[in-house]
Amino acid sequence: MSNAEHVNTGTTEETGRRSETVDTDAGPARITWFPATDTAKTPGTRPVLALGHGAGGGIEARDLQALAAALPAHGVTVALVEQPWRVAGKRLAPAPKTLDTGWRGVWPALTAAGGPVVAGGRSAGARVACRTAAELGARAVLALSFPLHPPGRPEKSRADELLGTGVPTLVVQGGRDPFGRPDEFPPGEYEIAEVPYGDHGFAVPKKTGPGQDAAMGILTAAVTGWLTALV
């Protein structure tokens, strides 16, 4: 693992949100921090939830933004991590090995506060968190929209990545995710929460389901409860 170099690239005083550029062996990555606002926990014990994005989008994803908005009030600092390919403005994600390299490179910045770090992400970012959790010493893994298999190809299972995290793991999955519905997931030592009617991006149909705001409420409540019990 290389020594990361950090550059603070801006702070929003109203929220404390700030961005930090981190050099990795895969190129510069970026962390956007959403600091905990509930200060009941002392510095050094406040958990950090690090979330990577998917292969088809960035940290603007609705689930990542919902967690960044909700969790700081519960004493959790959220760190949204942009992979080097995204920072560089490229349209296509690189191979999984390169994604893992980028994630490893930001890890020292994530652990710098001294509190427990929960590794997480959506889709491809969830796979990265699962693959690297044990080696990096993550406290746990949050897998949002874990791509259990390619759409229509259940025989191409990626369950081994999920089952091999070696740490407490929560999967949050949309009820109609073509990459794997909740009832397709195999038994294992992890928890799973369902967002009814949600697709791979947790979008729900306008005429059925709980509504988009309620769907995000289901997601954030599941993660908040799990984190509170965990740390």
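Residues numbered from 1 in each chain as written. Predicted model: local features only at pLDDT ≥ 70, side-chain atom pairs only at ≥ 80, totals over all residues. Heavy atoms only, no water.

Caption draft 1: Structural context of the overall build of the chain. Within the chain one finds six helices and nine strands. At 17 Å, the chain has a C-alpha radius of gyration in line with the 17 Å of a compact globule built from 231 residues. With the principal axes as the frame, the chain shows a C-alpha extent of 45 × 35 × 30 Å. Burial statistics for the chain: of 231 residues in total, 50% are counted as buried. For the chain, the proportion of contacts with a sequence separation of at least 24, taken over those separated by at least 6, is 58%. Taken as a whole, the chain presents about 10400 Å² of accessible surface, with 52% of it coming from carbon and sulfur. Placing the 22 positive and 23 negative side-chain charges of the chain at their respective mean positions leaves the two points 5 Å apart. (Helix = DSSP H or I, 4+ residues; strand = E, 2+ residues; numbered from the N terminus. Rg over C-alpha atoms; globule rule 2.2 N^0.38 Å. Buried < 20%, exposed > 50% of the residue type's maximum accessible area, 1.4 Å probe, protein only. Contact = heavy atoms within 4.5 Å. Areas by Shrake-Rupley, 256 points an atom, 1.4 Å probe, with all protein chains shown as cover. Lys, Arg positive; Asp, Glu negative; His and termini not counted. Charge placed at Lys NZ, Arg CZ, Asp CG, Glu CD.)

Caption draft 2: Structural view of the environment of Leu 49. Looking at the element boundaries, Leu 49 is found in strand S4 (residues 48-52). Sequence separation between Leu 49 and Ala 68 is 19 residues; the distance between their C-alpha atoms is 9.1 Å. Sequence-distant contacts of Leu 49, defined by excluding residues within four places in its chain, comprise Leu 71, Val 76, Thr 77, Val 78, Ala 79, Val 118, Leu 142 and Leu 227.

Caption draft 3: Structural context of the packing of helix H3 (residues 96-111) against helix H4 (residues 124-136). For the pair H3 and H4, the least separation of the axes is 10 Å and the interaxial angle reads 60 degrees. In terms of orientation, H3 lies oblique with respect to H4. The handedness of the crossing between H3 and H4 is right-handed. Of the residues in H4, those in contact with Pro 96, Leu 99, Asp 100, Trp 103, Arg 104 and Trp 107 of H3 are Ala 124, Val 128, Arg 131, Thr 132, Glu 135 and Leu 136. Counted by class, the contact of H3 with H4 contains seven nonpolar, one polar and four charged residues. (Axes fitted to C-alpha atoms, helices over the stretch in contact; angles between N-to-C directions. Parallel < 35°, antiparallel > 145°, perpendicular 65-115°, else oblique. Left-handed = near helix turned anticlockwise from the far one by under 90°. Nonpolar A, V, L, I, M, F, W, Y, C, P; charged D, E, K, R; others polar.)

Caption draft 4: Focus on the pairing of strand S2 (residues 17-24). Examined bridge by bridge, S2 and strand S3 (residues 27-34) share seven bridges and lie antiparallel to one another. Along S3, the bridge assignment pairs Thr 24 with Gly 27. Count of turn residues in the S2/S3 antiparallel hairpin: two residues. (Pairing = 2+ DSSP bridges.)

Caption draft 5: Here's a closer look at the side chain of Thr 220. Following the sequence through the fold, Thr 220 ends up in helix H6 (residues 212-230). Among the residues examined, Thr 220 registers a relative accessible area of 14% and is labelled buried. The contact partners of Thr 220, leaving out residues within four places of it in the chain, are Ala 66, Leu 67 and Ala 70.

Caption draft 6: Up close: empty space enclosed by the protein. The final tally for this structure, using the stated rule, is one cavity of 30 Å³ or more. Roughly 80 Å³ of volume is contained in the largest cavity. Around the largest cavity sit Gly 52, His 53, Gly 54, Ala 55, Gln 83, Trp 85, Leu 99, Trp 103, Gly 120, Ala 124, Gly 125 and Val 128, which together line it. Only H3 and H4 provide two or more residues apiece to the lining of the largest cavity. At three residues, the largest contribution of residues to the lining of the largest cavity is made by H4. Taken together, the residues of the lining of the largest cavity break down into six nonpolar, six polar and no charged. (1 Å grid on protein atoms, 1.4 Å probe; cavity = no way out; pocket = protein on both sides within 12 Å on 5 of 7 lines; lining within 4 Å. Points joined across faces, edges and corners; volume = space filled by probe spheres on them.)

Caption draft 7: Seen up close, the pattern of salt bridges. Counting across every chain of the model gives 11 salt bridges. Residue Asp 100 is joined to Arg 131 by a salt bridge in which the shortest nitrogen-to-oxygen separation is 2.9 Å. Within this pair, whereas Asp 100 is found in helix H3, its partner Arg 131 is found in helix H4, the two being separated by 31 residues in sequence. Asp 100 gets classed as buried once you look at its relative accessible area, which sits at 8%. For Arg 131, a relative accessible area of 25% puts it in the partly exposed group. The residue Arg 127 makes a salt bridge to Glu 161 at a minimum N-O spacing of 2.7 Å. Here Arg 127 is found in helix H4, whereas its partner Glu 161 is found in helix H5 (residues 159-163), with 34 residues between them in sequence. Just as Arg 127 is buried, Glu 161 falls in that class too. In this structure, a network of salt bridges that share partners links the residues Asp 100, Arg 127, Arg 131 and Glu 161. (Salt bridge = Lys/Arg side-chain N within 4 Å of Asp/Glu carboxyl O.)

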